[in-house]
Amino acid sequence: MKFEIHKLQVLRRATQIGVLLLMLSVPAISRYGNYVAAYDIDGRLEDWKGTLAGTALTVIDGTFRKLPGGEVERVGEMVRSREGVLRYAQGIYGGPWSFEIAGVSMSDPLGAFESILARKHVAYVVAISLIIPIVLTLLFGRVFCSWICPMGLLLELTDKIRSILRFLEIRPRNVKFLRGTKYALLAVGLLLTTITAVPILGYAYPPAIINREGHDLIFNAFDRAETGLSGLSIAGLTWMSLILLAIVVFEVLVSRRWWCRYVCPGGGLYSIIGVARPIRVALVESKCTHCSDCVVACPLGLNPKNDQMGIECDNCGACISSCHDDALKYALPQWQACRKRK
Amino acid sequence: MEHTKKKTAFDRRKFLKGAAAAGAAVLGTTVAGRFIGGTGEVSACIRPPGALMEEEFLSACIRCGRCGDACPNQCIQPFTEETSAIHAMKPGRGQRNTPVIFPRQQACMLCGAVDSEYLLCTDACPTGALQKTKKEVEAIQDQVKMGLAVVDKQLCYSFNGASCGICVRACPFEGKALRAGMWEKPLVDPEYCVGCGLCERACVRYPQAIHVTPRGVFGEV
């Protein structure tokens, strides 16, 4: 049991990195589809051999051709099936802000709610795209934050930088803000969205920014390849990346996990949706030695010993992995010891 | 007693600090949100097929870029300063990162090169900002109105003694939306023209003698 729960952190990190790679591969798959549709793919693979864009296309081409229907036999030779690979290329769109794979559409509830409130009309497609995120959040809480959000991955890196700074005897400050900020921000943002009829929170919401900047970066790499250059370029990014950079610098120097803990309106919305989640972190009080390792480990600054795991907890399991005494576990409420302490 | 007093004072200070931080964050991000979305007058631009009217489109679209991923012709681009500057355009209020088509650069082929049931961008849209459109003549004629092709008779070769007719050959509704008149003069029928921009993309004159006017310019469609 202990072995499995420690593996959970490895699995979580693998999922986060997988989501990031998938997000970056979507624009490349889109361009692959463009070249296949234009009967240009063989030329591109030939011309761009060895470059970043060429390698990405080769990998995508190889993968899609191996999938069922990706190849057809022609004159005793297996060749690429244009329809087959195009069908796969057209099966995956978007990123962490809004994603579609094999016809299954998922949108960040923040974006979907903003769209609904701004337009003052619930479109069928929006309702459909909300189902999976909302069901997952109702069951597991804010798991988007801990398992999927690419900004979460980036900000966990700031935790590592902070520990390196501490190792170097440079003490980064850790200013506390009010957790209520994110709900205030969510309320004000949704109100302004309704009044101005433009979804404004999505512009400053990190997963949405990363979604767009990731697309811009990869598309720019292909544009560069088309003009004979190779590799990635910072020119592919827009100044919106500076918002992300500012958050990272602020978190390293001033306040640990400032964005996720205090500010993120999307995290606030996920918290509210997941308020009654059945799967929670529970303390086995008889085993707890009050070493407080879990308090230090919690990225969101909560205290797992004190049953403060109400609305904010993102079920990442860092506290469970940090516990040396097996005193913390995931549990359904009826299995939880009844602990009502002041 | 003293202890309690101290605690109260600390709590008030903490509360004021927190309130100030919260207020600054709320104000800052909402102002930033408005600013980031673009400022100035809303510019008339060509939206992907099946788009709602501009005002409602700006409300419904969540700027996710799925239509751009779906486009088999790379014609749908995010409306940013970087992409629009070479077309002498600029995203206005709330327009940044919305999908836009610059027909001179790449025009909409109405998914002609690929095998699909729907126009792919309309199928990809998660919000209904692009309304799902079947890839059939009737459905496209009915639901798609990206703009209207307008011929500049001063520039067009066919109107100036040299028959050209390239734009007529490029039109997906050749003979209906764009007919060849005498000496290949392009004649646009506003009833059939969907504003795909293939004529503008094909035009050999520079500056283009035929160009798509965004629908916002000529009013309700």
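Numbering of residues starts from 1 in every chain and runs along the sequence as written. Starting at A for chains and at 1 for ligands, labels are handed out in the order in which the entities are written. Under the rules for a predicted model, residues below a pLDDT of 70 receive no local features and side-chain atom pairs below 80 are neither given nor counted, while totals for whole chains, interfaces and linings still include all residues. Note that water and hydrogens are dropped before the side-chain values are worked out from all heavy atoms of the structure.

Another aspect to go through is the overall build of chain A. When you go through chain A residue by residue, the secondary structure sums to 16 helices and seven strands. Overall, the C-alpha framework of chain A stretches about 75 × 50 × 45 Å when taken along its three principal axes. Here the analysis covers contacts within chain A between residues at least 6 apart in sequence; of these, 71% occur between residues at least 24 apart. We get accessible surface area from the Shrake-Rupley algorithm with a probe of 1.4 Å; when it comes to residues, only the shown protein chains can shield them. Accessible surface for chain A amounts to roughly 16000 Å². Of this, 67% is attributable to carbon and sulfur atoms. Under the scheme used here, helices are H or I runs from DSSP no shorter than 4 residues and strands are E runs no shorter than 2 residues, and both carry numbers assigned from the N terminus. By definition, residues are in contact when any of their heavy atoms lie within 4.5 Å.

It is worth spelling out the domain arrangement of chain B at this point. All names here are of chain B. Source of the domain bounds: an automatic or database domain assignment. For chain B, the assigned domains are domain 1 (42-144) and domain 2 (146-221). Distance between the C-alpha centres of domain 1 and domain 2: 20 Å. Once two parts are brought into contact, the accessible area they lose, counted with a 1.4 Å probe and summed over both, makes up the buried area. With both chains or domains summed, domain 1 and domain 2 bury close to 1800 Å², and 61% of this area falls on carbon and sulfur atoms. Of all residues in domain 1, the largest losses of buried area upon contact with domain 2 belong to M53, R104 and Q141, amounting jointly to 34% of the total for that side. In what follows, salt bridge is the name for a side-chain nitrogen of Lys or Arg lying within 4 Å of a carboxyl oxygen of Asp or Glu. There are one salt bridge connecting domain 1 and domain 2. R104 is paired through a salt bridge with E200; the nearest N and O atoms lie 2.5 Å apart. With three residues, the top contributor of residues to the side of domain 1 that touches domain 2 is helix α6 (residues 137-143). Charged means Asp, Glu, Lys or Arg here, nonpolar means Ala, Val, Leu, Ile, Met, Phe, Trp, Tyr, Cys or Pro, and polar covers whatever is left, Gly included. Grouping the constituent residues of the side of domain 1 that touches domain 2 by class yields 17 nonpolar, three polar and three charged.

Take the packing of aromatic side chains next. Where two aromatic rings form a pair, the distance of their centres and the angle of their planes describe that pair. Here is the rule: rings of Phe, Tyr and Trp (six-membered ring for Trp) pair when centre to centre is within 6.5 Å. Planes less than 30 degrees apart are stacked, more than 60 are edge-to-face, and the remainder are tilted. Taken as a whole and judged by the stated rule, the model has 13 aromatic pairs over all chains. Every member of this aromatic cluster is reached through a ring pair, and the members are F177(A), F250(A), W258(A), W259(A) and Y262(A). Whether a charge lies above a ring is judged from NZ of Lys or CZ of Arg, which has to be within 6 Å of the ring centre and within 35 degrees of the ring normal. The ring of Y39(A) carries the charged tip of R82(A) above its face, separated from the ring centre by 4.0 Å. The positively charged end of K132(B) is found above the aromatic ring belonging to Y118(B), 4.8 Å away from the centroid.

This brings us to the pairing of strand β6 (residues 210-214) of chain B. Residue and element names in this part refer to chain B. Relative accessibility thresholds used throughout: buried, under 20% of the residue-type maximum; exposed, over 50%; partly exposed, between the two (1.4 Å probe, protein chains only). With four of its five residues buried, β6 lies for the most part within the structure. For two strands to be treated as a pair, DSSP must find at least two bridges joining them. Strand direction decides the pairing type here: strand β3 (residues 147-151) and β6, joined by five bridges, are antiparallel. Its bridge partner being in β6, L148 is matched across the sheet by T213.

This paragraph deals with the sheet that holds strand β5 (residues 104-107) of chain A. Strand-to-strand pairing in sheets goes through backbone hydrogen bonds, with the strands running parallel or antiparallel. Residues and elements named next belong to chain A. An order of β3-β4-β5 is seen for the three strands of this open sheet, with the pairing classed as antiparallel. Every other strand in the sheet has two partners, leaving β3 (92-94) and β5 as the edge strands with one partner each. Within the sheet, the average angular offset between the axes of one strand and its neighbour, ignoring direction, is 5°. Sheet topology note: the β3/strand β4 (residues 98-101) ladder contains three bridges and is antiparallel. Looking across to β4, one finds that G94 is bridged to F99. An axis is simply a line fitted to the C-alpha atoms; with a helix, the fit covers only the stretch in contact. Between two such axes, the angle follows the N-to-C directions and lies from 0 to 180 degrees.

Moving on: the environment of N160(B). All names here are of chain B. Within the secondary structure, N160 sits in the loop between β3 and α7 (166-170). The exposure class of N160 is partly exposed, given its relative accessible area of 47%. When near neighbours in sequence (up to four residues on either side) are disregarded, N160 contacts K153, Q154 and L155. By the criterion applied in these results, polar contacts are pairs of N or O atoms within 3.5 Å in which, for protein atoms, one can donate a hydrogen and the other can accept it, and in which residues neighboring in sequence qualify only through two side-chain atoms. A distance of 3.2 Å separates a polar side-chain atom of N160 from the backbone oxygen of Q154.

What pLDDT conveys is the predictor's confidence in a given residue, as a value from 0 to 100. Here chain A averages 88 in pLDDT, while 96% of its residues score no lower than 70. Confidence drops under a pLDDT of 50 for residues 335-342 of chain A, and excluding neighbours within four residues, the segment shows 11 contacts in the predicted structure.

This part covers the interface of chain B and chain A. Across the contact, 48 residues belong to chain B and 52 residues belong to chain A. Between chain B and chain A, the buried area comes to about 4000 Å², and carbon and sulfur atoms account for 61% of it. Counting the contacts that link chain B with chain A gives two salt bridges. Across the pair E100(A) and R66(B) runs a salt bridge whose closest N-O atoms are separated by 2.7 Å. Our count for the contact surface shared by chain B and chain A stands at 20 residue pairs in polar contact (both at pLDDT 80 or more). Of all the elements in the fold, those that place two or more residues in the side of chain B that touches chain A are α1 (2-36), α2 (54-60), α3 (66-70) and α5 (120-124) of chain B. Residues belonging to the side of chain B that touches chain A are distributed by class as follows: 23 nonpolar, 15 polar and 10 charged.

Before going further, it helps to spend a moment on the pairing of strand β1 (residues 71-74) of chain A. Residues and elements named next belong to chain A. Bridge analysis of β1 against strand β2 (residues 77-80) gives four bridges, and the strand direction is antiparallel. Bridge assignment links E73 to a residue of β2, and that residue is M78. Once β1 ends, the chain turns through two residues before running back antiparallel as β2, passing V75 with a positive phi of about 50°.

All names here are of chain A. Within the element layout of this structure, Y88 appears in helix α4 (residues 82-89). Remark: the alpha-carbon pair of Y88 and G33, spanning 55 residues in sequence, is separated by 8.8 Å. Dropping the residues within four chain positions of it, Y88 is found in contact with F64, L67 and P68.

Quick look at the side chain of S158(B) now. The residue S158(B) is located in the loop between β3 and α7 in this model. Setting aside chain neighbours within four positions, we find S158(B) in contact with S163(B), C164(B), G165(B), W183(B), E184(B), K185(B) and P186(B).

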